[in-house]
Amino acid sequence: MKKISARARAIEMSGIRKFFQAANPDSINMALGQPDFVTPDHIRDAAIQAVRDGNTGYTFNAGLPELREALSEKFKNENHLSYSPDQIIVTAGAGEALFIAIQSLVDDGDRVLLTDPGFVSYEACIRLAGGRPDFVSLKDDLHINEEMLYEKMGGARLLILNSPNNPTGAVESRETIRSITEAAMDAGVTILSDEVYEHIIYDAVHASAATFGEDVITVNAASKTYAMTGWRLGFIAGPPEYMEQCLKVHQYCQTCATSISQYAGVAAYTGDQSCVKMMRDEYRARRDILVFGLHDLGIEFPVPQGAFYAFVPLGREKMQEVMDAGVIVVPGDAFGPSGAEYARFSYATSRENINAAIERMRPVFEV
């Protein structure tokens, strides 16, 4: 038998991808968190121009200076954060940003706090770094159980904070983000704040953890904001001493983010932002269709405030019946054991698909 490393054996393939790839061609796929919009024209045009201009070589490890300057301005204007361009690393999506941060900060045996349920990559990245995931349950309203979190804070190395949240769609209030950040700073716990859905918020206001404390690393990406998932363009920012170490890990696993994607990113972050509002408004309309439809079927759950997911308590039997009816969702235990009775619906699909999915599910619940 071929010998495989223990760290590779300790993790599983993403449950999200498994169900996406297993879907029948005639199924309505509500599993994958990918915008169904085409990347806006001005962003694609910038990439085409970069190819025509021959800008196809390596960039600086940390990324194009003009992109990091644009991201520094974005942090200043949108998040009220003072990250200089030298404190920003452009990565191959938020996934790489999370990976290099955890590799840089977590030693063998370090305890890392994360929510259960929470995004699938977090636990795997922690285990690959030799850390110990320590789960914090959510409350019935799918928000962070602050009391449990504070009890676990002492001695932890890192806290992964994700708002707006995948898979729940919950958005933590500014007051909650402040309270959690201040508690982490008092306890000597670094916060890794995943803010990739910051612009997809409907009934709440986004707050960046780094607004309330210095020992914070912020991760973001163009993927969801500008419908650029396939471009693999993310970024990470934080204290200089952390970024110095993150850059070392980044340069040995990635060298640099794709040059063409970076030129497209300059256009995204400096160009017309009306596309962001257009997509957000459409996601809101889709959310309302899904929430109304599921409530009409007698299914009660917290209305998502952000991202494009609804985390719905179906129960295992009904969840299987829903998928047998041709609606593909992600079982909640893909995001942690506490999600076992839930299913994640992604409404990053058309209104027509959402309405059709409701009708396919109707016989399952109207018995």
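Preceding this paragraph is the structure being described.
Because the structure is predicted, anything quoted here is derived from the model rather than measured. (Residues numbered from 1 in each chain as written. Predicted model: local features only at pLDDT ≥ 70, side-chain atom pairs only at ≥ 80, totals over all residues. Heavy atoms only, no water.)

Looking now at the overall build of the protein. Secondary structure assignment for the protein yields 13 helices and 12 strands. The C-alpha radius of gyration of the protein comes to 20 Å, within 12% of the 21 Å expected for a compact globule of 367 residues. Over its C-alpha atoms, taken along the principal directions, the protein stretches across nearly 60 × 55 × 50 Å. Burial analysis of the protein (367 residues in total) assigns 56% to the buried set. Partitioning the contacts of the protein with sequence separation of at least 6, the portion at a separation of at least 24 is 75%. Carbon and sulfur atoms make up 49% of the accessible area of the protein, which totals about 15900 Å². (Helix = DSSP H or I, 4+ residues; strand = E, 2+ residues; numbered from the N terminus. Rg over C-alpha atoms; globule rule 2.2 N^0.38 Å. Buried < 20%, exposed > 50% of the residue type's maximum accessible area, 1.4 Å probe, protein only. Contact = heavy atoms within 4.5 Å. Areas by Shrake-Rupley, 256 points an atom, 1.4 Å probe, with all protein chains shown as cover.)

Moving on to the sheet that holds strand 9 (residues 309–313). Adjacent strands of a sheet form backbone hydrogen bonds with each other and so pair up, either parallel or antiparallel. Taken in spatial order, the three strands of this open sheet run 9-12-11, and their pairing is antiparallel. Looking at the sheet topology across the chains shown, the edges are occupied by strand 9 and strand 11 (330–331). Pairing of strand 9 with strand 12 (residues 342–346) involves five bridges; the strand directions are antiparallel. Looking at the pairing, A310 lines up with F345 of strand 12. (Pairing = 2+ DSSP bridges.)

With that settled, consider the pairing of strand 8 (residues 234–237). Where burial is concerned, the two faces of strand 8 agree: the one with G234 and I236 and the one with F235 and A237 are both buried. Both strand 2 (residues 88–91) and strand 8 contribute to a ladder of four bridges, which runs antiparallel. Bridging across to strand 8, I88 finds its partner in A237. Looking at chain direction, strand 7 (residues 216–221) and strand 8 are connected through four bridges and run antiparallel. By the bridge assignment, T218 is partnered in strand 8 with A237.

The buried count for strand 6 (residues 190–194) comes to five of five residues, which makes it a mostly enclosed element. Where burial is concerned, the two faces of strand 6 agree: the one with T190, L192 and D194 and the one with I191 and S193 are both buried. With five bridges connecting them, strand 5 (residues 158–162) and strand 6 associate as parallel partners. Of the residues in strand 6, the one forming a bridge with I160 is L192. For the segment spanning strand 5, helix 8 (residues 174–187) and strand 6, crossover handedness is right-handed. (Right-handed = clockwise from strand over helix to strand, strands pointing away.)

Along helix 6 (residues 120–128), the residues that are buried comprise V120, Y122, C125 and I126. Two residues or fewer after helix 6 comes G130, characterised by a positive phi angle close to 85°.

What sets the pattern is the α-helix's 3.6 residues per turn: residues three or four places apart point alike. In this model, helix 13 (residues 351–365) (15 residues) spans 21 Å end to end at C-alpha, consistent with the 21 Å of a helix rising 1.5 Å per residue. Along helix 13, the residues classified as buried are I354, A357, I358, M361, R362, V364 and F365. Buried residues along helix 13 sit against strand 1 (28–29), helix 11 (274–296), helix 12 (316–324), strand 10 (327–328) and strand 12. (Expected span 1.5 Å × (residues − 1).)

This paragraph deals with the packing of aromatic side chains. One pass over the structure, following the stated rule, counts 12 aromatic pairs. Arranged with centres 5.8 Å apart and planes meeting at 85°, the rings of F235 and Y269 form a pair that is edge-to-face. Placement of F235 in strand 8 and of Y269 in helix 10 (residues 259–270) is noted, with a sequence separation of 34 residues between them. Judged by relative accessible area, Y269 falls into the buried class, the value being 14%. A cation over a ring is seen here: K74 above F75, with NZ or CZ 5.6 Å from the ring centre. The ring centre of F365 lies 5.6 Å from the NZ or CZ of K318, which sits over that ring. (Phe/Tyr/Trp six-rings, centres within 6.5 Å; stacked < 30°, edge-to-face > 60°. Lys NZ or Arg CZ within 6 Å of the ring centre and 35° of its normal.)

Just distances and angles here, no functional claims.
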